[in-house]
Amino acid sequence: MEALRVLITRESGGDPAAPTVVLLPHTYQSAEYAPRLAVRLGAAYVASVSSATLDACGGLRFSRAILQARLRAEVRPKRRLVVATVQIGAFGGHEPVESPERVFEVGRPADVERHREREMLGREAAGAGGVDLPGAERIVTAGRGVGGPDEVSVAADLASALDAELGASRPVVDNGWLPREHQVGSSGHIVAPNLYVALGVSGSIQHLMGMSGSRVIVAINRDPEAPIFSVAHYGIVADLHDVAPALTRLLEARRSA
Amino acid sequence: MRIGVCIKQVPDTDSHLRIADSGREIDDSDLNWVISSCDLCALEEALVLAEAEVSRGEERPELVVFSLGPARVEEALRKALALGADRAVHLADEALQGGDALADGRALAAALAGENCDLVLTGAQSDDLGQAATPAVIAEILGVPYAWLVMAVELDSHKQSVRVVRELEGGMNEVLRLDLPAVLAIQAGINKPRFASLRGTLQARRKPLQLEGCSGVDAGLVGAAGAGTETESVTLPPAGAGGVVIEGASAEAAAEELLAHLEREAVL
Ligand SMILES: Cc1cc2nc3c(=O)[nH]c(=O)nc-3n(C[C@H](O)[C@H](O)[C@H](O)COP(=O)(O)OP(=O)(O)OC[C@H]3O[C@@H](n4cnc5c(N)ncnc54)[C@H](O)[C@@H]3O)c2cc1C
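Residues numbered from 1 in each chain as written. Chains lettered and ligands numbered in written order. Predicted model: local features only at pLDDT ≥ 70, side-chain atom pairs only at ≥ 80, totals over all residues. Heavy atoms only, no water.

## What about the site of the ligand?
For step 1, the next point in the chain: Close to the ligand lie 30 residues, the nearest being R144, S169, V184, S187 and S202 of chain A.
For step 2, the next point in the chain: Residues lining the ligand come from chains A and B.
For step 3, the next point in the chain: One nitrogen or oxygen atom from the side chain of S187 of chain A is found 2.6 Å from a nitrogen atom belonging to the ligand.
For step 4, the next point in the chain: In the environment of the ligand, an oxygen atom lies 3.1 Å from a nitrogen or oxygen atom belonging to the backbone of G200 of chain A.
For step 5, the next point in the chain: Calculation on the ligand without its partners gives an accessible area of 980 Å², and the protein chains cover 88% of this total. (Near = heavy atom within 4 Å. Polar contact = N/O pair within 3.5 Å; in protein donor to acceptor, adjacent residues only side chain to side chain. Areas by Shrake-Rupley, 256 points an atom, 1.4 Å probe, with all protein chains shown as cover.)

## Observations concerning the pattern of salt bridges
For step 1, the next point in the chain: The tally for this structure, following the rule as stated, stands at 35 salt bridges over all chains.
For step 2, the next point in the chain: The shortest N-O distance in the salt bridge between R36 of chain A and E140 of chain B comes to 2.7 Å. Of this pair, R36 of chain A sits in helix α2 (residues 30-41) while E140 of chain B sits in helix α4 (residues 134-142), on two different chains.
For step 3, the next point in the chain: Among the residues examined, E140 of chain B registers a relative accessible area of 12% and is labelled buried.
For step 4, the next point in the chain: Ionic pairing is found between R170 of chain A and E167 of chain B, a salt bridge with its closest N-O pair at 2.9 Å. Of this pair, R170 of chain A sits in helix α4 (residues 170-174) while E167 of chain B sits in strand β8 (residues 161-167), on two different chains.
For step 5, the next point in the chain: With a relative accessible area of 14%, R170 of chain A lands in the buried category. (Salt bridge = Lys/Arg side-chain N within 4 Å of Asp/Glu carboxyl O. Helix = DSSP H or I, 4+ residues; strand = E, 2+ residues; numbered from the N terminus. Buried < 20%, exposed > 50% of the residue type's maximum accessible area, 1.4 Å probe, protein only.)

## Things to note about the domain arrangement of chain B
It is common to give the size of an interface as the accessible area that goes away when the parts come together.
For step 1, the next point in the chain: Per the domain assignment, the segments making up chain B are domain 1 (2-226) and domain 2 (240-268).
For step 2, the next point in the chain: Of note, the centres of domain 1 of chain B and domain 2 of chain B, computed from C-alpha atoms alone, are 44 Å apart. (Domains from an automatic or database assignment.)

## Some remarks on the packing of helix α6 (residues 240-256) of chain A against helix α7 (residues 251-264) of chain B
The geometry of a pair of packed helices is captured by two quantities: the angle between their axes and the separation between those axes.
For step 1, the next point in the chain: Put simply, α6 of chain A and α7 of chain B touch, their axes get as near as 8 Å, and they point 55 degrees apart. The orientation of α6 of chain A relative to α7 of chain B falls into the category oblique. The handedness of the crossing between α6 of chain A and α7 of chain B is right-handed. Here D242, V243, A246, L247, R249, L250, L251 and R254 of chain A of α6 of chain A lie close against α7 of chain B, whose contacting residues are A251, E252, A255, E256, L258, L259 and E263 of chain B.
For step 2, the next point in the chain: Here the residues of the contact of α6 of chain A with α7 of chain B are counted per class, giving nine nonpolar, no polar and six charged. (Axes fitted to C-alpha atoms, helices over the stretch in contact; angles between N-to-C directions. Parallel < 35°, antiparallel > 145°, perpendicular 65-115°, else oblique. Left-handed = near helix turned anticlockwise from the far one by under 90°. Contact = heavy atoms within 4.5 Å. Nonpolar A, V, L, I, M, F, W, Y, C, P; charged D, E, K, R; others polar.)

## Focus: the sheet that holds strand β4 (residues 60-66) of chain A
Sheet strands pair by backbone hydrogen bonding; their relative direction is either parallel or antiparallel.
For step 1, the next point in the chain: Within the open sheet, the four strands sit side by side as β3(A)-β4(A)-β5(A)-β12(B). Their pairing is antiparallel. For this open sheet the edge positions go to β3 (51-54) of chain A together with β12 (229-235) of chain B, each flanked by a neighbour on one side alone. Recorded for the sheet is a direction-independent mean angle of 30 degrees between the axes of neighbouring strands.
For step 2, the next point in the chain: As judged from the five bridges shared by β4 of chain A and strand β5 (residues 71-77) of chain A, these two strands associate in the antiparallel manner. Counterpart to S63 of chain A in the pairing with β5 of chain A is E74 of chain A. (Pairing = 2+ DSSP bridges.)

## Here's the deal with the nonpolar core
For step 1, the next point in the chain: In this structure, V140, L158, L199 and V218 of chain A together with L262 of chain B are the most contacted members of the largest nonpolar core, which totals 40 residues.
For step 2, the next point in the chain: Residues contacting V218 of chain A, with those up to four places away along its chain left out, are L195, Y196, V197, A198 and Y234 of chain A together with L258 and L262 of chain B.
For step 3, the next point in the chain: If you look at the next biggest cluster of nonpolar residues, it comprises 39 residues, including L40, L49, A85 and L178 of chain B. (Core = buried A, V, L, I, M, F, W, Y, C linked by side-chain atoms within 4.5 Å.)

## Overview of the packing of aromatic side chains
For step 1, the next point in the chain: For the structure shown, the criterion picks out one aromatic pair over all chains.
For step 2, the next point in the chain: Taking the centre distance of 6.0 Å and the plane angle of 70 degrees together, the rings of Y28 of chain A and W148 of chain B count as edge-to-face. Linking Y28 of chain A in the loop between β1 (21-25) and α2 with W148 of chain B in strand β7 (residues 146-155), this pair reaches from one chain into another. With respect to class, Y28 of chain A is no different from W148 of chain B; both count as buried.
For step 3, the next point in the chain: Just above the ring of W33 of chain B sits the side chain of R72 of chain B; from NZ or CZ to the centre is 3.6 Å. (Phe/Tyr/Trp six-rings, centres within 6.5 Å; stacked < 30°, edge-to-face > 60°. Lys NZ or Arg CZ within 6 Å of the ring centre and 35° of its normal.)

## Points about the side chain of S204 of chain A
For step 1, the next point in the chain: Relative to the assigned elements, S204 of chain A resides in the loop between β10 (195-199) and α5 (205-211).
For step 2, the next point in the chain: When near neighbours in sequence (up to four residues on either side) are disregarded, S204 of chain A contacts Q68 and A69 of chain A.

In structure tokens form, the structure reads like this:
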């Protein structure tokens, strides 16, 4: 981080053509130190932006999701220099362009000693396997909207009627309603089945990152403004406790017919 | 030993959200305010650490909760006291309000430094703005090590360092050791926050809640004056991908209609 600071201040020092925006990906690695870098640079900081525009006077505006993706905010930096992290997947990939490569020598950062204060001891897998979510053809996911540990069965019943694996949003796992290996999303499994049925899932960015590549997405949610509907191919605005059992009954009736 | 816990009061995620007439913020006239969910986990983790010290025969660390915000924030602090914190500090001064993560982090860092906390816990990100920036700003200003998305915390027996498990993408964790003092941003799922008991709620009324001014910080660096950003507008997310919406039908009719679509998509 100190090396980045040295590099950026050298680049921006006094030169009118110097950079005024530092963009980093919003990964678990860079989003950890990016705000510290902003403080060190005296820069403004905006996290997980999904788009950027220039206004008539050349001023920058960043757009980002707030309140669990239920609303969007347009944010204006008030400093000349701004550090922003970019939401993964927010911008389509472009072919890399040839750009002149420059190598900077930044020397040994003055704060290298301080790194001893934080030492990496190792890495480990977060949870046990057992559920084959990434390989599943169909997934039915229980969101916090199912209501509680005893109500997860509405999702499990629909999953078995569809011959699908059972997924979970993070709060369902955090609350202990289902084990961690069921979790879909940025900190769980990234999946892309043929059919993804989201029951009582609001559609946060972290959840969408894990499933928006699915071929057919169905959302059942009683809130017509839930962000999950923005990626759903089929949406039912209703109480999942009415619709999911009805679906299960119909599928079972077909199977036995 | 003293553990500081920073909590933020946010609109309940189940509240009905309306955009204010100014178009720059949400209408806060009719909102239910709660402690942000990860911050509750941070407080729970502090309580667990304190209890672990006691069961090791050590002195119980003092737990001090901090919150920056207007008068309504007192309710969040009282709740934290009811859950088991010993003292509360409310950064209520008018000059501290209206900031962003940079300004709020600076104000909180000054208050935390004033209390000489050995360990500072916060939530990994707030349920409202979700920038995950304030704890990192606090760590930078205090000049201490920091870890984000913390899923386990263990104090060493000399209280010189903490062993921390931090989440990475895709089901991997990183194990770290941080020297104290340190700032840890706690991720949801690390624990299950307890509920306040009636006794706790009654005791909370008598626990000290101190109002903190902005002495010791440059007024130009906190509050609206110190913010590096400004919210220009708040809008509903762009309309959906144009999917088929089934609304208002009976459950059976909706289920029939959906299955007909799924049959056509050949995904059954
Ligand atoms: C670093 C980080 C990593 C994260 N990783 C993940 C991840 O991997 N996966 C993940 O899922 N989340 C992740 N999250 C959490 C994420 O931000 C959201 O909090 C989470 O996805 C919300 O889960 P949900 O949709 O189940 O719950 P909520 O957002 O609470 O939504 C519940 C929904 O259910 C609806 N509902 C309620 N009752 C009913 C009913 N009876 N009938 C129909 N609908 C109903 C509501 O309208 C609401 O839309 C992460 C967060 C962070 C900060």
